[in-house]
Amino acid sequence: MRIEILNTLPDSSHDQVHEAFDRLLPQLSSSAQPLSVEQIEELFDQECLHLVCAVDDEEKIVGMLSLIVFDIPTGRRAWIEDVVTDQAVRGQGVGQSLVEAAVDHAKALGARTVDLTSRPTREAANRLYRRVGFLQRETNVYRKSF
């Protein structure tokens, strides 16, 4: 497995990314609506979006997350959203690899912090975030400072 960070949608990966969204979004949320090709392209039109993907040996995306990097008056910040790994590979370290890659990428881009939220019922995800160094805040927002 390898980690790729996409901030543009390469023509060579177009179908692969669309298939991954179709397969993984329902595993993330039962209320997630399928995205059209145009909607996926619009996501990638945002300069702040970095799609962090775990790709297996068969070139299939088996996990992904959205890393948003943005500037505000107090500095450059980053936010992790929509972390999902395929059910077939859960428990194999894919989620941890994705989160660590996102944190490293945010740091390399000059972010001072990375935040994320996670429902308390997602116990495995919450353990993962703590394991990679996020601290739970009273707001239930996790932060890793550099």
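Refer to the structure presented above.
Everything numeric in this text was worked out from a predicted model, so none of it was measured.

I tried to follow the nonpolar core on my own but got confused; where do I start?
Generally speaking, soluble globular proteins have nonpolar side chains that are buried together. Ranked by size, the top nonpolar core spans 26 residues in total, and within it Leu65, Leu67, Ile80, Val99, Tyr129 and Phe134 carry the most contacts. Counting residues per element, the ones that place at least two in this core are strand E2 (49–55), strand E3 (61–72), strand E4 (75–85), helix H3 (94–108), strand E5 (113–117) and helix H4 (123–131). If one sorts the elements of this core by residue count, H3 sits on top with seven residues. If we ignore the near neighbours within four places in the chain, the residues touching Ile80 are Leu65, Ser66, Leu67, Val99, Ala102, Val114, Asp115, Leu116 and Phe134. Ranked by size, the runner-up nonpolar core spans 15 residues in total, among them Leu6, Leu25, Leu51 and Val55.

Looking at this structure, how should I read the packing of H3 against H4?
When two helices pack together, their arrangement is given by the angle between the helix axes and the distance between those axes. H4 packs onto H3 with a crossing angle of 45 degrees between their chain directions and a minimal axis gap of 10 Å. One element, H3, and the other, H4, form an angle in the oblique class. Our pair here, H3 against H4, has a crossing hand that is right-handed. For the pair formed by H3 and H4, the contact residues are Gly95, Gln96 and Val99 on the first element and Leu128, Tyr129 and Arg131 on the second. Split by residue class, the contact of H3 with H4 holds three nonpolar, two polar and one charged.

I tried to follow the packing of aromatic side chains on my own but got confused; where do I start?
Where two aromatic rings form a pair, the distance of their centres and the angle of their planes describe that pair. Summed over the entire model, instances satisfying the criterion amount to one aromatic pair. Ring geometry for Tyr129 versus Phe134: centroids 6.3 Å apart, planes at 70 degrees, classification edge-to-face. The exposure class of Phe134 is buried, given its relative accessible area of 2%.

Help me out: how do you make sense of the pattern of salt bridges in this one?
Should their charged atoms come close, side chains of opposite charge can pair. Throughout the structure, instances matching the rule amount to five salt bridges. Glu4 serves as the salt-bridge partner of Arg2, at 2.5 Å between the closest nitrogen and oxygen. Residue classification places Glu4 among the partly exposed positions, given a relative accessible area of 23%. Close ionic contact of Glu59 with Arg2 constitutes a salt bridge, the shortest N to O distance being 2.7 Å. Separated by 57 residues along the polypeptide, Glu59 in the loop between E2 and E3 and Arg2 in strand E1 (residues 2–6) bring together distant segments of the chain. Several salt bridges converge on common partners, so that one network encompasses Arg2, Glu4 and Glu59.

Help me understand unusual backbone geometry in this model?
Note: most peptide bonds trans; most residues except glycine with negative phi. Positive phi, close to 70 degrees, is recorded for Glu59, a residue that is not glycine. By relative accessible area, Glu59 is classed as partly exposed at 40%. A positive phi angle, near 55 degrees, is found at Asp82, a position not held by glycine.

Conventions we followed
- Residues numbered from 1 in each chain as written.
- Predicted model: local features only at pLDDT ≥ 70, side-chain atom pairs only at ≥ 80, totals over all residues.
- Heavy atoms only, no water.
- Core = buried A, V, L, I, M, F, W, Y, C linked by side-chain atoms within 4.5 Å.
- Buried < 20%, exposed > 50% of the residue type's maximum accessible area, 1.4 Å probe, protein only.
- Helix = DSSP H or I, 4+ residues; strand = E, 2+ residues; numbered from the N terminus.
- Contact = heavy atoms within 4.5 Å.
- Axes fitted to C-alpha atoms, helices over the stretch in contact; angles between N-to-C directions.
- Parallel < 35°, antiparallel > 145°, perpendicular 65-115°, else oblique.
- Left-handed = near helix turned anticlockwise from the far one by under 90°.
- Nonpolar A, V, L, I, M, F, W, Y, C, P; charged D, E, K, R; others polar.
- Phe/Tyr/Trp six-rings, centres within 6.5 Å; stacked < 30°, edge-to-face > 60°.
- Salt bridge = Lys/Arg side-chain N within 4 Å of Asp/Glu carboxyl O.

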